[in-house]
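# Structural overview for review
Residues per chain are reported as follows:
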Amino acid sequence: MNRQFSSTPSKEACGCAQRQGKRTAYIALGSNLGDRISMIEWACREMDSRGIRVKRTSGLWETEPMYVLDQDRFVNGACEVETDLEPLPLLDQLQDIENFMGRRKVIDKGPRNIDLDILLYENEKVDHERLKIPHIGIPEREFVLRPLAELIPHKSIDSSKPWKLIQDYLNELPPASDPLSTLTPICASVNPLNALKATRKTQVMAILNITPDSFSDGGIHTPDSLRDTIMAYVRGGATIFDIGGQSTAPGTLEVSAQEEMDRVLPVIELLRSLPETRDAAISVDTYRASVADAAVKAGADIINDVSAGLMDSDMLPTMARLGKTVCLMHMRGNPSVMSKLNDYPDGIIPTIARELLERVAAAEAAGVRRWRIILDPGLGFAKVGEQNLQILRHFDELRSWPGLEGLPWLVGSSRKSFIGKVTGVPKPMDRVFGTAATVAAAVQGGADIVRVHDVVEMGQVVKMADAIWRY
């Protein structure tokens, strides 16, 4: 449909007339003032509150300014929305959100705390003095094409060239001297993950299992020893603490949600009370929505779910409501049966990719923003022996799988049984050297976070691996 609008259009001509049914539009999101990611998330909440439902989001991409160069770097993204508004009323609402959030336009294409533009609206073409759809800047702007290519790579934007797709426009752009990278926020005091930045530093996640029956360190972290352990981990370079109150080792008994909270919450409170860890990021390792909710209220920044929402139907909606960064791990079944579910006839990398794509789609459908998702291949979870080695060997292939590109990855190989099988070391606590090799392999393959027990030793491995591969 081609809409040629006059300066005084009728309701029908200007797109103000109401039609039955929801309409799909794609909105560009941008910010380069203040807490840029928070501004974009605020704008998404405002759209939702006004009946402009955000169905899916792209990742967030950090970009250099275009046109007006003397300003800070931008964070850009896009979202797919469902609305019953016609194009101009939709524009009115978006501009009202900008004004409500305090945007003051001083110079065209200059600094702004929030920028909301309609890129596409159904398959319609709009030509009005206030609005052009498709947005005229799409073909030349990588910071628009990359987010759109995450959402709708195979959609055409020009009805006269239906064969030319968004991915084609992106592929035609000349290579950038400084390639764009996605941003995944962790917390205010820890820098966002830059999953595509070649020189990024690997984050060290320290494991704090407050359980009597974890496979490697069950019963070690007692109230008397915990503070000293935390201080050692800080000195070793930990930037994230992952706290677990329910063991996921095969054959362990499930404790109640209340007992899991009783184990986890005091540790979160301790970390938040110590000056040395007040700025550290805190992750809660749980597959229960109620525990995740309580942990976030106590100060946790990340929800790390080994089941990616499969073991508690409330988990994905809870993740969306809490708005924190989440880690979705690949697993099959539950810890009691997962070791038997290790058949991958189509290949382990393609199968993990396909099954993680399903979990990402489920999380997005529940309202989790794509820029809040971290993935984990789940070493040792529904994988045995050689299968774990295959994942480490071909990890770069998994990272670049279509639909998973740009998402950051956590790798947790520490002390696991496949290391003991290769090295002949029976006791998990003695698998330090074998773990070191897997951590180096994970960094070389592109991991953004490594989850480890031996923080001091693996902190040194990460520093050396970063010096070799992240330069």
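A brief look at the structure comes next.

Cut-offs applied
Residues numbered from 1 in each chain as written. Predicted model: local features only at pLDDT ≥ 70, side-chain atom pairs only at ≥ 80, totals over all residues. Heavy atoms only, no water. 1 Å grid on protein atoms, 1.4 Å probe; cavity = no way out; pocket = protein on both sides within 12 Å on 5 of 7 lines; lining within 4 Å. Points joined across faces, edges and corners; volume = space filled by probe spheres on them. Helix = DSSP H or I, 4+ residues; strand = E, 2+ residues; numbered from the N terminus. Axes fitted to C-alpha atoms, helices over the stretch in contact; angles between N-to-C directions. Parallel < 35°, antiparallel > 145°, perpendicular 65-115°, else oblique. Left-handed = near helix turned anticlockwise from the far one by under 90°. Contact = heavy atoms within 4.5 Å. Nonpolar A, V, L, I, M, F, W, Y, C, P; charged D, E, K, R; others polar.

### Quick word on the layout of surface pockets
A probe as big as a water molecule, rolled over the atoms, marks out the empty space that is left. Its boundaries defined by the atoms lining it, the largest pocket holds a volume of some 850 Å³. What lines the largest pocket is a set of 36 residues, among which Arg112, Asp115, Asp117, His135 and Arg141 lie closest to the centre. Among the secondary structure elements, those contributing two or more residues to the lining of the largest pocket are strand E2 (23-31), strand E5 (74-83), helix H3 (87-100), strand E6 (115-121), strand E8 (131-133) and helix H4 (142-151). The leading source of residues in the lining of the largest pocket is E6, at five residues.

### Quick word on the packing of helix H9 (residues 315-322) against helix H10 (residues 348-366)
What describes two packed helices is the angle between their axes and the distance between those same axes. Direction vectors running N to C along H9 and H10 enclose 55°, while the axes themselves pass 8 Å from each other. Relative to H10, the element H9 lies oblique. For the pair H9 and H10, the sense of crossing is right-handed. Of H10, the residues touching H9 (which contributes Leu316, Pro317 and Ala320) are Arg359, Ala362, Ala363 and Ala366. Here the residues of the contact of H9 with H10 sort into six nonpolar, no polar and one charged.

### Looking at empty space enclosed by the protein
By the definition in use, this model includes one cavity of 30 Å³ or more. A volume near 50 Å³ is recorded for the largest cavity. Residue composition of the lining of the largest cavity, by class: six nonpolar, four polar and two charged.

### Quick look at the packing of helix H8 (residues 289-298) against H9
For the pair H8 and H9, the least separation of the axes is 9 Å and the interaxial angle reads 15°. As judged from the angle between their axes, H8 and H9 are roughly parallel. The way H8 lies across H9 gives a crossing that is right-handed. On the side of H8, the interface is formed by Ala289, Ala292, Asp293 and Val296, while H9 contributes Met315, Thr318, Arg321 and Leu322. The residue inventory of the contact of H8 with H9, partitioned by class, reads five nonpolar, one polar and two charged.

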